[in-house]
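Residue-level structure breakdown
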Amino acid sequence: PHSDHPFGHGRIEYVAGLIVSLLIILMGVTLARESLDKMLHPQDVTFSLLSAGILAASILVKLYMYSYNRALSKKLNSSTLKATATDSLSDACATLAVLISMIISHLTGLRIDGYAGILVALMILWAGYNAAKDTITPLLGRAPDPELVRRIRAIVREYKEVIGVHDLIVHEYGAGNLMVSLHA
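Calculation criteria
- Residues numbered from 1 in each chain as written.
- Predicted model: local features only at pLDDT ≥ 70, side-chain atom pairs only at ≥ 80, totals over all residues.
- Heavy atoms only, no water.
- Pairing = 2+ DSSP bridges.
- Helix = DSSP H or I, 4+ residues; strand = E, 2+ residues; numbered from the N terminus.
- Expected span 1.5 Å × (residues − 1).
- Buried < 20%, exposed > 50% of the residue type's maximum accessible area, 1.4 Å probe, protein only.
- Arc of directions from axis to C-beta.
- Contact = heavy atoms within 4.5 Å.
- Core = buried A, V, L, I, M, F, W, Y, C linked by side-chain atoms within 4.5 Å.

With that settled, consider the pairing of strand β1 (residues 166-172). Where β1 meets strand β2 (residues 178-183), five bridges bridge the pair, whose relative direction is antiparallel. When the sheet's bridge partners are listed, His-171 is paired in β2 with Met-179. Counting the residues between successive antiparallel strands, the hairpin from β1 to β2 contains five residues, one of them, Gly-174, with a positive phi of roughly 100°.

It is worth spelling out helix α5 (residues 146-157) at this point. With 12 residues, α5 extends 16 Å between its outermost C-alpha atoms, agreeing within 8% with the 16 Å of an ideal straight helix rising 1.5 Å per residue. Restricting attention to buried positions, one finds in α5 the residues Leu-148, Val-149, Ile-152 and Val-156. Looking straight down α5, one finds that the buried residues subtend no more than 100° of arc, so they occupy a single side. Turning to α5, the residues buried within the fold contact β1 and β2.

Soluble globular proteins tend to bury their nonpolar side chains together. Listed in full, the 11 residues of the largest apolar core are Val-20, Ile-24, Leu-31, Ala-83, Ala-94, Ala-97, Ala-116, Val-120, Ala-121, Ile-124 and Ala-131. Secondary structure elements with two or more residues in this core: α1 (12-40), α3 (79-108) and α4 (113-140). The leading source of residues in this core is α4, at five residues. Contacts of Ile-24, omitting those with residues within four sequence positions, involve Ala-83, Thr-86, Asp-87, Ser-90, Ile-124 and Gly-128. Judged by nonpolar contacts, the second largest core, of seven residues, contains Leu-148, Ile-152, Val-156 and Val-170.

For Asn-77, which is not a glycine, the phi torsion comes out positive at approximately 55°. Topologically, Asn-77 is positioned in the loop between α2 (49-76) and α3. Of note, the phi angle at Asp-167 is positive, near 50°, even though the residue is not glycine. Looking at the secondary structure, you find Asp-167 in strand β1. We classify Asp-167 as partly exposed; its relative accessible area is 46%.

Structural data, given as structure tokens:
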């Protein structure tokens, strides 16, 4: 906090998370469009053990990044890191779909990469929507946890001068940065 921003910069975390969420949604739309094109204009898929190995390694790296960012997001209560974890998981799913499609095409001659891409695009769009919802809610303001409200009221009522508490308002300015006002 400082004179220009007395409540700090905590809400920028939510803005950054929203930007990542919008990028996830953009990725889903792009994948859906490309997959639809592959469904309408199928092409032969080239298979090689090297490309399959690279795709498998990429999936493992993205799953590690998902796990790491997810754990860190929980530790720091960070919506941006949670959205970044979702982005890594989306990338892993998309790459897995490419790998599976490539293998099926190689073994059977079926060209399913467009159909697999549509399924993955829908999953990515759903993940992006949920990530955006998780970051928009605190930006717009959300109701405080009832247990927090109960604890605040209990603390204020410990003072013998306090007869009652009303008009309790809790504002969130980033993870763990709350401002509470009330009438006692």
